[in-house]
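Topology and contacts: notes
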Number of protein chains: 2
Amino acid sequence: MIDGSMQDYALTLDKFLSHAAKWHPLAEVVSAAPDGTVDRVGYAELHDRSRSVSGALYRLGVRGGDRVATLAWNSQGHFEGWYGIIGMGAVCHTLNPRLTAKSLGAMLAQSEAAILLVSPDLLPLACAAIAEGGAVRHILLLDKGAAITAAETTVPVGSLEVEMALESPDIAWGEFDEHSPCGLCFTSGTTGAPKGVTYTHRGCYLHTMRQLSADVMGVRGTDTVLAVVPMFHANAWGLPFTVPAVGGRLVLPGRHSDGAHLAALIRSEGVTLGVGVPTVWLGLVEHLEKEGGDVPSLERILVGGASMPPALMERIEQRLGAEVQTSWGMTELSPLGTAAAPGDPRRAPGVSGRPAIGIDLLLTDSAGLPLADQRGPEGHLRVRGPSVVDRYFGEAETATDADGWFDTGDLARIDTDGNLRITGRAKDLIKSGGEWINPAEMETLVGALPQVSLAAVIGRADPKWGERPILLVETGDAEIEDEALLAPLRKGVASWWIPDAIIRVDRMPLAATGKIDKIQLRADYG
Amino acid sequence: MIDGSMQDYALTLDKFLSHAAKWHPLAEVVSAAPDGTVDRVGYAELHDRSRSVSGALYRLGVRGGDRVATLAWNSQGHFEGWYGIIGMGAVCHTLNPRLTAKSLGAMLAQSEAAILLVSPDLLPLACAAIAEGGAVRHILLLDKGAAITAAETTVPVGSLEVEMALESPDIAWGEFDEHSPCGLCFTSGTTGAPKGVTYTHRGCYLHTMRQLSADVMGVRGTDTVLAVVPMFHANAWGLPFTVPAVGGRLVLPGRHSDGAHLAALIRSEGVTLGVGVPTVWLGLVEHLEKEGGDVPSLERILVGGASMPPALMERIEQRLGAEVQTSWGMTELSPLGTAAAPGDPRRAPGVSGRPAIGIDLLLTDSAGLPLADQRGPEGHLRVRGPSVVDRYFGEAETATDADGWFDTGDLARIDTDGNLRITGRAKDLIKSGGEWINPAEMETLVGALPQVSLAAVIGRADPKWGERPILLVETGDAEIEDEALLAPLRKGVASWWIPDAIIRVDRMPLAATGKIDKIQLRADYG
């Protein structure tokens, strides 16, 4: 008996832009240039332009599986370069411009990229990075950057626009295995050497479908989405795939993510959904509080990448009139783990929602054994799914346990309704007198105070106890006594957890991805 | 260089129920029994019960790839049987109880199913079908049906509940290739022999993810979904996968889909989303108009399976206070093709929305050559995607053209915004004097009259012209003159298209899937 079958269809990412070009040809990607002007281009034209990028890369020697690096802000050029690389089966290695030249050089050496696409203002950093290591043979400037001949550039610096103009958009896209790699992103490496996460077409395709679900990101064709989260930060959380997949408008803010710039873009473009780390929305709120005005089109803000302090969430929702949707993810998860369902009345600052189909969670003890009770107790969080790392780039060994679970390094609780609450990082725990103190628990309590913008607890070396916790706070213009800062801790945690010192900082140091930089804090105060 | 990888994860349908059991254990499937009572069971218990079904089937000799048939209404037992079959890698062959015993016997002979799961009230039909052909060795009654020993049953008739009670829910699910078949559904066969469409795990998994998108069905965990569309009708349009995937409540109405029954269920269960062919909602409206009362919880109705007459759409929206979402699909598409986005202000009765990512459309001429202009002109509709049939059951040859497109047999137009409008069935066209007349175009015009419930145009043999069109209308209690029925045609179509006769019918004959039965009409009036 012959069974019959459904059609072949490889889950490759080029299909998202091809779909948008065919079914939403005039829906726009809007790109804010450094000079304050705004460029607009429809998906049909973007599709042609991106295929011209593929043609140019092919002419320059790039083949399927080769890494092509980008060092760029969120811009039309970066978007075209991205699809140009991915569509032909090459691997887009995104570099974070907030890292040092030395770090970038080490990453380029690992990825062996021969071509580097660069935002014009990042050319000096690109040259410095190349001097540190790697095999880059060509730099191509994005976004109308003109070719440059200068002594300080050790490799040819061309213009992608000029290279594209030599091509016709007739290169075939797709036609490779859906398990092929499409991207490479190094973790922020807050401890030890950064690890490269290889994204695959299948993994990102399924991640996109999960995000499109009404209970997850639920992006619609009528949405205008502001991608504040950078494309070098774990695929901009998937937005370059998710938004074209439904033919939505995508707004790319370029280099600047300060409150004034975001407010102007939200107003001029009618942004409905903003996506980025909590601190950028704090900047927007502060701008509006200072300058006045509103952002009436904004309906929802999806935050992730760091925990959302309760006071900040309330302040954002009140000032912006938009719903804050919390989420949790990490580079190794492509990157979304869980998200609170839009409109969920039980959403709360520290709660990151339930997993949607395609991602599964398991709490274990420190030895990796599953907790008998998965609802309530704190455990080490492991995850499984088609968009979760199996092996890191360059590694022969799997990063998962014998049952296929990946250890996130996070500590978490899952409530009776299945909602995830990240309670800390295993490696952030402070060992005091042989017992563990969880900084995240205290940060949540102090962060809930309306006067506190950001709070961090770190361990300080102590001759008697090994380590003792100290509290760092950023309060802006608000005034608050030390004892008031400690009051929620006296009620909420054991007395020996209470920090030994309180340090007020003007600006909390933030890592390249916008999270509080605990490495820096430990170096300065630990 | 070692690329790195994402985790293995087979796209198999057992994962939807396993996910629901773990993350939404208490969310219910509600099943209306023939005696008027209602059964409720949470996904965790359903998961255990369904795995007990797998255990029982395994003991009775079923192995991966084997077909197991069902002849059943939408009920808890059918749902459990369905997942029990599919979860272990067997193939669920759904039979339509509105077909004749002879047709059913022919289908059973094709599928070679050895076990048949049957709703208790359908046992006589099951016995009659088995007498016509096939290889059924066991009948198992669903939904607490007790084992029967009677002379007229030629094969043993057991009780699935009794068989399940002998099993523990510890059989492994999944662990087979995602391209494996999961279901078998014969087309309604309105012309020629019915063809079997083989559904696959991968095809239905990706179909589910497409449906979950906010711009398609957008089902949410907070929804209560009434599945009026039968599970034997192209997987109940995917609802047995889609609703557990998000942990929504699923209401199964059993045998009866009359207005009184639906109104009672919607009210008692707080249904938010109703899914079924247009005629069932007409029944609901007529019931409410007669008996009074409202269905305030109902927010949206997804219709498909037949074109939605404009007057009926307006009447439904006004009387029920719910939004009607139009869609188009077919058995061969798993089955959803396109759907109007929820809340789309441009939605209209004859328009079925844009394709979402994962399905693509092409208009061709009658020879299969793509139309030069895909926007505006009428053409023959072809489709492609991972949930679209490649080969029919039992066929060695592909059902697609050289470029992989499947010819739907539908005629359609696509407007400048990409919205699909089905304009007719190629095989319904009437050839009059050597020229083609499209009945669907006239049906839409006449169907727009407020007095008309249902309208059909068919060809009648004519000695001079070959065929001439005649118009059949169902008007209920409304009165309307012949000339008033023809008025929209005199304005909207060529004069030689005007039907030669008008026939008023008390009840339009409906095929087993709820569509107007043109075969019957042609037999009676052609």
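Read on for an overview of the structure.

Procedures and definitions
- Residues numbered from 1 in each chain as written.
- Chains lettered and ligands numbered in written order.
- Predicted model: local features only at pLDDT ≥ 70, side-chain atom pairs only at ≥ 80, totals over all residues.
- Heavy atoms only, no water.
- Helix = DSSP H or I, 4+ residues; strand = E, 2+ residues; numbered from the N terminus.
- Buried < 20%, exposed > 50% of the residue type's maximum accessible area, 1.4 Å probe, protein only.
- Contact = heavy atoms within 4.5 Å.
- Areas by Shrake-Rupley, 256 points an atom, 1.4 Å probe, with all protein chains shown as cover.
- Lys, Arg positive; Asp, Glu negative; His and termini not counted.
- Charge placed at Lys NZ, Arg CZ, Asp CG, Glu CD.
- Salt bridge = Lys/Arg side-chain N within 4 Å of Asp/Glu carboxyl O.
- Pairing = 2+ DSSP bridges.
- Axes fitted to C-alpha atoms, helices over the stretch in contact; angles between N-to-C directions.
- Least-squares fit on C-alpha atoms with pLDDT ≥ 70 in both.
- Buried area = accessible area lost by both parts, 1.4 Å probe.
- Polar contact = N/O pair within 3.5 Å; in protein donor to acceptor, adjacent residues only side chain to side chain.
- Parallel < 35°, antiparallel > 145°, perpendicular 65-115°, else oblique.
- Left-handed = near helix turned anticlockwise from the far one by under 90°.
- Nonpolar A, V, L, I, M, F, W, Y, C, P; charged D, E, K, R; others polar.
- Phe/Tyr/Trp six-rings, centres within 6.5 Å; stacked < 30°, edge-to-face > 60°.
- Lys NZ or Arg CZ within 6 Å of the ring centre and 35° of its normal.
- Arc of directions from axis to C-beta.
- Right-handed = clockwise from strand over helix to strand, strands pointing away.
- Core = buried A, V, L, I, M, F, W, Y, C linked by side-chain atoms within 4.5 Å.

Attention shifts here to the overall build of chain A. In terms of helices and strands, chain A carries 14 helices and 26 strands. The principal-axis extents of the C-alpha atoms in chain A amount to approximately 70 × 70 × 45 Å. Looking at chain A as a whole, 61% of its 526 residues qualify as buried. Partitioning the contacts of chain A with sequence separation of at least 6, the portion at a separation of at least 24 is 65%. When the accessible area of chain A is evaluated, it comes to approximately 19300 Å², of which 51% is carbon and sulfur surface. Positive and negative side-chain charges of chain A, numbering 45 and 65 respectively, have mean locations separated by a distance of 2 Å.

It is worth spelling out the pattern of salt bridges at this point. Pairing between side chains of opposite charge can happen when the charged atoms of each approach one another. Across all of its chains, the model carries 60 salt bridges over all chains by this definition. Members of the salt-bridge network, linked through shared partners, are Glu28(A), Arg40(A), Arg249(A) and Glu269(A).

Attention now goes to the sheet that holds strand β16 (residues 336-339) of chain B. All names here are of chain B. Taken in spatial order, the eight strands of this open sheet run β3-β2-β12-β11-β13-β14-β15-β16, and their pairing is mixed. Of all the strands in the sheet, just β3 (38-42) and β16 have a single pairing partner and so form its edges. Across the sheet, the mean angle from the axis of one strand to that of its neighbour is 20°, orientation sign disregarded. Both strand β14 (residues 300-303) and strand β15 (residues 323-329) contribute to a ladder of four bridges, which runs parallel. In the sheet register, Leu 302 faces β15, and the bridge partner there is Gln 325.

Right, let's talk about the relation of the copies chain B and chain A for a bit. Once turned by 180° and shifted 0.0 Å along the axis, chain B lies on chain A with an RMSD of 0.1 Å. Look at the turn and shift together and you get a two-fold axis relating the two. Mapped onto chain A, 100% of the interface residues of chain B are again interface residues, and the two copies thus contact each other with one and the same surface.

Contacts between the two partners involve 73 residues from chain B and, on the opposite side, 73 residues from chain A. For the pair chain B and chain A, the two sides together bury roughly 5600 Å², of which 54% comes from carbon and sulfur. Linking chain B to chain A there are eight salt bridges. One salt bridge in this structure joins Glu178(A) and Arg202(B), with 2.8 Å as the shortest N-O distance. Joining chain B to chain A, the criterion identifies 34 residue pairs in polar contact (both at pLDDT 80 or more). Counting residues per element, the side of chain B that touches chain A draws most heavily on helix α7 (residues 201-212) of chain B, which supplies six residues. Looking at chain direction, strand β1 (residues 5-6) of chain A and strand β19 (residues 389-391) of chain B are connected through two bridges and run antiparallel. The partner of Ser5(A) across the bridge, within β19(B), is Arg391(B).

All names here are of chain A. At a minimum axis separation of 7 Å, helix α2 (residues 43-59) and helix α3 (residues 76-87) run at an interaxial angle of 60°. With respect to each other, α2 and α3 are oriented oblique. Judged by the twist between their axes, the crossing of α2 over α3 is right-handed. Facing α2, whose interface residues are Tyr 43, Leu 46, Arg 49, Ser 50, Val 53, Ser 54 and Leu 57, α3 presents Gln 76, Phe 79, Glu 80, Gly 81, Tyr 83, Gly 84 and Ile 85. The residue inventory of the contact of α2 with α3, partitioned by class, reads seven nonpolar, five polar and two charged.

Further remarks concern the packing of aromatic side chains. As enumerated under the stated definition, the model contains 18 aromatic pairs over all chains in all. With a centroid separation of 6.2 Å and an interplanar angle of 85°, the aromatic rings of Tyr83(B) and Phe241(B) are classed as edge-to-face. Highlighted residues: Tyr83(B) in helix α3 (residues 76-87) and Phe241(B) in helix α8 (residues 239-246), separated in sequence by 158 residues. With a relative accessible area of 2%, Phe241(B) lands in the buried category. With a centroid separation of 6.2 Å and an interplanar angle of 80°, the aromatic rings of Trp496(B) and Trp497(B) are classed as edge-to-face. On the accessibility criterion, Trp496(B) (34% relative accessible area) is partly exposed. One residue, Lys15(A), lies across the ring of Tyr9(A), its end atom 4.6 Å from the ring centre. Arg63(B) extends its terminal NZ or CZ atom over the ring of Tyr58(B), reaching a point 3.6 Å from the ring centre.

Okay, the environment of Ser119(B) next. Residue and element names in this part refer to chain B. Turning to its location among the elements, Ser 119 is positioned in the loop between β6 (115-118) and α5 (123-132). Counting along the chain gives 26 residues from Ser 119 to His 93, while the straight-line C-alpha distance between them is 15 Å. Apart from residues no more than four positions distant in its own chain, Ser 119 is found in contact with Leu 71, Ala 72, Trp 73 and Leu 142.

Once that is clear, we can look at helix α4 (residues 101-111) of chain A. All names here are of chain A. For α4, the set of buried residues is Ala 101, Leu 104, Gly 105, Met 107, Leu 108 and Ser 111. Burial along α4 is one-sided: seen end-on, the buried residues are contained in an arc of 165°. Contacts made by the buried residues of α4 are with β4 (67-71), β5 (91-95), α5 (123-132) and β9 (181-186). In the segment just after α4, Glu 112 is the residue with positive phi, at about 60°.

On to the pairing of strand β7 (residues 138-141) of chain B, then. Residue and element names in this part refer to chain B. Of the pairings in the sheet, the one linking β6 to β7 comprises four bridges and is parallel in character. Bridge assignment links Val 118 to a residue of β7, and that residue is Leu 141. For the crossover that starts at β6, traverses α5 and ends in the parallel β7, the hand is right-handed. Relative to strand β8 (residues 157-159), β7 is paired through three bridges, and the arrangement is parallel. The residue bridging Leu 141 from the neighbouring strand is Ser 159, located in β8.

A separate point is the side chain of Glu178(A). Among the structural elements, Glu178(A) can be located in the loop between α6 (160-165) and β9. Apart from residues lying up to four places away in sequence, Glu178(A) is in contact with Tyr9(A), Ala10(A), Leu11(A), Thr12(A), His201(A), Arg202(A), Glu178(B) and Arg202(B).

Within the element layout of this structure, Val197(B) appears in strand β10 (residues 196-200). In contact with Val197(B), other than residues within four places in its own chain, are Met6(A), Gly183(B), Leu184(B), Cys185(B), Thr187(B), Thr331(B), Glu332(B), Val389(B) and Tyr392(B).

Now for the side chain of Ser111(B). Its place among the elements puts Ser111(B) in helix α4 (residues 101-111). Overall, the relative accessible area of 0% leaves Ser111(B) in the buried class.

By size, the foremost hydrophobic cluster in this structure holds 214 residues, and its most contacted members are Tyr43(A), Phe79(A), Leu320(A), Tyr43(B), Phe79(B) and Leu320(B). What Leu320(B) contacts, discounting residues up to four positions off in sequence, is Leu284(B), Val285(B), Leu288(B), Val295(B), Leu298(B) and Ile301(B).

This part is about the sheet that holds strand β18 (residues 379-384) of chain A. Residue and element names in this part refer to chain A. The four strands lie next to each other as β17-β18-β20-β21, forming an open sheet whose pairing is antiparallel. Edge positions in the sheet fall to β17 (360-364) and β21 (420-425), since each has one partner strand and no second. Strand-to-strand, the axes of this sheet are offset by a mean angle of 50°, without reference to chain direction. Bridge count for β18 against strand β20 (residues 406-414) is four bridges, and the pairing is antiparallel. Across the sheet, Arg 382 pairs through a bridge with Asp 407, a residue of β20.

Once that is clear, we can look at the packing of helix α9 (residues 259-269) of chain B against helix α10 (residues 278-291) of chain B. Residue and element names in this part refer to chain B. At a minimum axis distance of 8 Å, the contact between α9 and α10 shows a crossing angle of 85°. Judged by the inter-axis angle, α9 sits roughly perpendicular to α10. Residues Gly 259, Ala 260, Leu 262, Ala 263, Ile 266 and Arg 267 of α9 form the contact with α10, whose participating residues are Val 280, Gly 283, Leu 284, His 287 and Leu 288. Grouping the amino acids of the contact of α9 with α10 by side-chain chemistry returns seven nonpolar, three polar and one charged.

Spatial relationships are all this shows, so hold off on functional conclusions.
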